[in-house]
Each structure stands twice: as C-alpha cells, then as structure tokens.
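Listed here are the chains, written in short residue letters.
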Amino acid sequence: MNLQFFDWVVIALSLGICFIPALFMARRSSKNTTSFFAAGRNVPWWLAGLSMVATTFSSDTPNWVTQQVRQFGVAGNWQWWGMVLTGVATVFFYARLWRRSAVLTDLEFYEVRYSGKAASVVRGFRAIYLGLFFNCFIMGMVTLAACKIANILFGMEFWKTILICGFLNVIFAAHSGLWGVLVIDMIQFFVKMTAVIAAAYFSLVEVAKRTGVGSSALDGLNQVVAYLSHTQVRMEHYWFSKDTYPYMDAANGHGQPILNILPNFSMSELALMIFIIPIAIGWWANWYPGAEPGGGSYIAQRMLASKSEKDSLGAVLFFNLAHYVLRPWPWIITALCSIIIFPDLLSIQHAFPNADPSHIGHDSAFPAMLHFLPVGFAGLMVGGLIAANSSTILTHLNWGSSYLIHDFYRRFVSPNKSEKHYVNAGRLCTLFLYIFAALLSYTLDSAQEAFQILLSFGAGTGLIYLLRWFWWRINAWCEVVAMICSFTVTLAVFILAKTGHPMDFAYSLSVTVGITTLAWIITAFVSTPTSMERLVAFYKKVHPAGPGWTKIRLEAGVSEADAHLHGDHMGFAALGWISGCITIWSSLFCIGNFLYGRMTNAWILLATFVVSGSVLIWVINNLWDKNPVVVKQPVVTHDRV
C-alpha cells in the first residue's frame, strides 16, 4: 500500500484525536491504585460499555472473522456468536453482584468469597497465571495480527511493527491509567467502525469492477450474493491445520454453503465444532477474555469501575448489543469479497510478493483487501488498525498490571508501601508485560490457532465462575483443581497430537470440559468448605439470590422476607436473559438477510427483534423502576440507583 500525503494527514489526525485527550488523565489516574486501575469507581455506563466494545475490537478480530468465513462459511462465526448466552447472562445475573462486591480487581474477589490459605493461593497463582502468561498470550495474539497486517500492507518486518506499537501503547498505558484507556477506547471505537465500514464498501466496489457487473457497492453486493449463494466449502479435515485448507466448489449438499448462517448438520464434525459445542457447552464451560462466564478480566474491571449497579448492568448490556450487532457484518462482507478476489492462499502470495510467505494464511485475506482503499480512506484504515491494536493492548497492559501489582506484589511481596509506590510499580509493569507479549507473538502462527489454545486452557472452568455466586459449597480448592485439570488434559492432548495421535478440537474440548467439571464438583463435596464466618460476611455484603445460599442466610439470621428485599428478581432476570439473546441474534441475522436480499426471512427476523426488544426493555424497567416483588417494607436504598 502506497500511502499519499493526505493519507498521512488522516493517520496523524486519527491518532491525535484518539490519544491526545488521554494525556490530560495522568493527574486523575495518579491519585491512588483505585484511580489508576478502576478510574475511581466513577465511570458512567456508556463510557464503560464503549470501552468494552473497543477493547474486544482488536487488530486480530477482523483477521480471525475473515479466516472463519473463508474456512467454514459465515456459519463459522457461531464460535463467537454462541457467547451471546454468556454476555447477556452477565448482564442480568452478575453485573450487580460484581458491583456490590466492591473489590478492586476480580482476583481480590477470591479472598472476599473464600477463606484460608487456599484463597490466598488461588489469588496469587491466578495473578501470575492470568496477569502474566494468559494476558501476554492474548497480547501476543493481537501483536501477531498487527505484524501480519503491516507485513501485507507495507512489507514491514515484524520487529519494526512491534517496536512502533510498543512505544505508543506502553507510554499511554503507563501515563494515563484506566481513565486514559477509557477515553482512548471511546474515540477509537468510532474511528475503527468508520474504517471497517469503508473497507467493506470499497471491497464491494472492487468485486463489481473485477467481475464486470458495474462500479457501485450495490452491484458488488449483488454479485457476491449471486456467486456465493451457489458455492460451498469442502475440506478433508475439520480441525485447523497449517497443511489442510478448505477448497470451494458448486454447492451440492455435501459441503458448507458459504452464505448460510447455520451450519450444514449433515457435516457432523464441522457442525459439532462451529455450532453445537459453542451453543451446548462453550458458553458456560470455557473461560475466554471478554466472554467469561459470570464476567471477569477487563469486563469485570469495567463493571467494578462503574458508578453504580445500574451503570454496571447498562454497560454490559450496551457492550453485548454493540459487540454482536453493530460490528460483524462489515467484517463478514469484506471476508466474502476476499473469497472472490483471493480464492486461495497462492493468490494472496502472488498479489503481495514482499510479504513473508511463512505467515500467509486465511487470516491474511483481510489486510490483503485493504489494498483497494482509495486515498484518505487508506489513511483512515491504517489509523483505525493502530487504534484497534492500541485499544486492546492498552486495556491488557492496565488489566494485567492490576493483577500483578494489586493481587500479587502488594498482597504478597510488599504490602505496606505508599499508593504512589504502587502506581509507579504498575507503570513499570506495563513495559515488562509488553516485552514478554512481543516475544510470545513470535511463537504463534494464526489467530485461529491462538483462539483454540485459549479455549483449551480455560475449558471446564467456566461453570465454577457461574455457580460460585449461587452455591456456597464451592470453595477455593475447587478452582485449584479445575485449573490443574484443564491444563493437564490440554497438555496431554497436545502431546498426543505431536506424537501422531491428533484429536479433533471439538472432541478434545468436550473431554477437557467433562474431566475438569467432574473433578471440581467432587472437590466441592470432599474438601474443607469455606469458613462460615467468611460465607456470612460475603452473603451480607453481596446478597446472592437462590436456594444455594439458604443455609448461610439462616446462619446470618436474615429472614426470607428481608432476603427478598435484596433479591435480584431471578424470574425477571431469566426473562431478560432470554429476551436479550433473542434480541441480539434476531437483529444480527435480520441485517444479514437484508444484505442477502432474502426479504421474507429478514421481515420475520425484524418482527422477532421488535417483540423480543420490547420484552427486554420492559424487563429492565421492572428491574429498576418498578419493583416486581410486592412487599410492604420500603426498598433498601442500595437496591435502587
């Protein structure tokens, strides 16, 4: 890509608009660790929600979506669409509980919920495991995507991309804390959305010109739909391998139709991997950053930083709507166009001879499509990609350093230092984290590979994060056993694959989930439970609902009527969860069917969206403005905001 002078002006303006406001946040973030890591717990719902969306919109996200569409058709996106169930459950069942816990990080929760040395062990271990290794693995994945994009677009060597991105990200993460990250995220979201919509538009224009059907985006869209409606993906193996790539031919019922939103269930292994596992198991069993069962990581960080319970709930609801409805189709349209223009990997290599062929994969098709952006929009896209990379890296640097400093260094190494000392330690930690992440990026091959590794190492632990709020029997040892089992089984599967006995990813994930879940449930009954004193204190602070806390409620001397006053109205919450999921899926697929020109399906989905959306709004109004539980006593103040 040859950038013109005007492109450089646009890049400079994009970055200036994003980053300069954050420079003024240093004083606000430097007051103490609560300000640096949790923005003083004063973040409004819309800012927290925008930050969540921007963080999950990384430089690797469009690459990964493009890879799914090219390998498995549009239906391949069910691997993340299924996480709608997780996200909306967090809205209605967990957001308010997190805010009530009043912890600084979600790891501090362990010593609020559990007791004894086991609680401290889990907190310290996960601070290192998540804050250092897991967190840096994610940043390495994001950095890999940035390096691939720069390599395709400019022939830039990996180390140069790492150096440029690192300089920008580390300075701002260390300087401005979470307040700066939030402000940067807010502006970057709009820059990135504008850029990817432009990419989809000009990709369609290029298809129209290449195929001779016209010169407008609408002509290109009609051509994409007409051509790909009769095209399917076939493959020899359904698990991802560098040596096994799908190929396309005329649809005959024995492959996955590219445009179909649902998988071809006659291809049982493919359907199992991209649809059945995510819907039946993945959403509750797997821990994945941004879609953690029960909320966690930087999603929990934003909830804990919110001004109130209502802001916490509103932020997560807004995040899920924007995450699953507003963002996907520009990526998908660009990916579909890439199938026509670059039907295989060889065509990408021929188009970009200066790119490193060892790093060319289906996820390279997205940056390849950016070659067709005109002057000005090319600069906007480069600025948007830098913004996408920065929004994610900045969040992970701040989030990871909060774990390492607050949950490990301050808790176990140096507990009696000044607030200024811990803030400065957090700033130094951001530099160390980025260096480690940059080194890890050299060990990864593709976004899909990294995605599957992340799912594998978190497989089976998710149910704990859902139930620990609603069942007192779960203790710290359950979490220890779950982490050990998940890691051990995943490592065993990896060794088997390396010794010539590979296991399909869907099956290996199911085995890991089954063994891990069984192990921690047994542990819950045979290990020493959390102390009654700690359980009572937790109950009085958080007011968890449901029969799983009846024994603790009675021990705390709280009557059923009093508990009802603090309850989260689980029936209404369940209705909100169901209606929220339907609202998101129906609106997402409604947009797709309108783009495809399948008008009957589109109108049916639109009607479904209107009905489910109305129910969703009604539930939220009843949860907050109209107490659905009829009681004579006045409602306690903290249950209304």
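Everything that follows concerns the structure shown earlier in this document.
In this report, we go over the structure that sits alongside the text. (Residues numbered from 1 in each chain as written. Predicted model: local features only at pLDDT ≥ 70, side-chain atom pairs only at ≥ 80, totals over all residues. Heavy atoms only, no water.)

1. Comments concerning the overall build of the protein chain
When you go through the protein chain residue by residue, the secondary structure sums to 28 helices and three strands. Among the 641 residues that make up the protein chain, the fraction classed as buried is 63%. Residue pairs in contact within the protein chain that sit at least 24 positions apart in sequence constitute 80% of those at least 6 positions apart. On the protein chain, roughly 24,000 Å² of surface is accessible, and the fraction owed to carbon and sulfur atoms is 67%. (Helix = DSSP H or I, 4+ residues; strand = E, 2+ residues; numbered from the N terminus. Buried < 20%, exposed > 50% of the residue type's maximum accessible area, 1.4 Å probe, protein only. Contact = heavy atoms within 4.5 Å. Areas by Shrake-Rupley, 256 points an atom, 1.4 Å probe, with all protein chains shown as cover.)

2. Some details on unusual backbone geometry
Phi is positive for alanine 102, close to 60°, though the residue is something other than glycine. Assignment of secondary structure puts alanine 102 in the loop between helix H7 (84–101) and helix H8 (109–113). A positive phi angle, near 55°, is found at histidine 543, a position not held by glycine. Relative to the elements of secondary structure, histidine 543 occurs in the loop between helix H24 (532–542) and helix H25 (550–556). With relative accessibility at 14%, the residue histidine 543 sits in the buried group.

3. Overview of the side chain of threonine 512
Positionally, threonine 512 belongs in helix H23 (residues 505–526). Among the polar contacts listed, one links the side chain of threonine 512 to the backbone oxygen of serine 508, at a separation of 2.8 Å. (Polar contact = N/O pair within 3.5 Å; in protein donor to acceptor, adjacent residues only side chain to side chain.)

4. So, the nonpolar core
If you look at the biggest cluster of nonpolar residues, it comprises 207 residues, and the most contacted ones within it are Trp81, Phe92, Trp98, Leu336, Ile348 and Trp469. Examining the composition of this core, we find that 25 residues originate from one element, helix H10 (residues 158–211), more than from any other. Residue contacts for tryptophan 98: discarding those within four places in its chain leaves Val103, Asp106, Phe109, Gly294, Gly295, Ala300, Met303, Leu304, Arg468 and Trp469. (Core = buried A, V, L, I, M, F, W, Y, C linked by side-chain atoms within 4.5 Å.)

5. Overview of the packing of helix H13 (residues 297–305) against helix H18 (residues 377–413)
At a closest axis distance of 10 Å, the pairing of H13 and H18 adopts a crossing angle of 80°. Considered as vectors, H13 and H18 are oriented roughly perpendicular to each other. Along its contact with H13, which presents Ser297, Tyr298, Gln301 and Arg302, the element H18 presents Thr395, His396, Asn398, Trp399 and Tyr403. (Axes fitted to C-alpha atoms, helices over the stretch in contact; angles between N-to-C directions. Parallel < 35°, antiparallel > 145°, perpendicular 65-115°, else oblique.)

6. Things to note about a nonpolar patch on the surface
A contiguous nonpolar surface patch, about 410 Å² in accessible area, is contributed by Leu496, Met503, Tyr507, Val511 and Ile515. Considering every element that reaches the nonpolar patch, the biggest residue donor is H23, with three residues. Inspection of the secondary structure puts methionine 503 in the loop between helix H22 (476–498) and H23. (Patch = residues over 30% accessible without salt bridge, like charges linked within 9 Å, V, L, I, M, F, W, Y side chains within 5 Å. Salt bridge = Lys/Arg side-chain N within 4 Å of Asp/Glu carboxyl O.)

7. Structural notes on the packing of helix H9 (residues 116–154) against helix H19 (residues 419–441)
H19 packs onto H9 with a crossing angle of 60° between their chain directions and a minimal axis gap of 7 Å. Here H19 runs oblique to H9, going by the angle between their axes. Here H9 runs over H19; the crossing is right-handed. From H9, Gly131, Leu132, Phe133, Asn135, Cys136, Phe137, Met139, Gly140, Thr143 and Leu144 reach across to H19, where they touch Phe432, Leu433, Tyr434, Phe436, Ala437, Leu440 and Ser441. Of the residues contributing to the contact of H9 with H19, the split by class is twelve nonpolar, five polar and no charged. (Left-handed = near helix turned anticlockwise from the far one by under 90°. Nonpolar A, V, L, I, M, F, W, Y, C, P; charged D, E, K, R; others polar.)

8. Here's the deal with the pattern of salt bridges
Under the defined criterion, the tally for this structure stands at seven salt bridges. For arginine 302, the salt bridge goes to aspartate 185, with nearest N and O atoms at 3.5 Å. Remark: aspartate 185 occurs in helix H10 and arginine 302 occurs in helix H13; sequence separation between them is 117 residues. Looking at arginine 302, the relative accessible area reads 1%, which means it is buried. Across the salt bridge formed by arginine 210 and glutamate 206, the nearest N and O atoms sit 2.8 Å from each other. With a gap of four residues between them, arginine 210 and glutamate 206 both fall in helix H10, about one helical turn apart. On the basis of relative accessible area, glutamate 206 is assigned to the buried category, the value being 15%. Overlapping salt bridges bring together Glu111, Arg123, Asp407 and Arg411 as one network.

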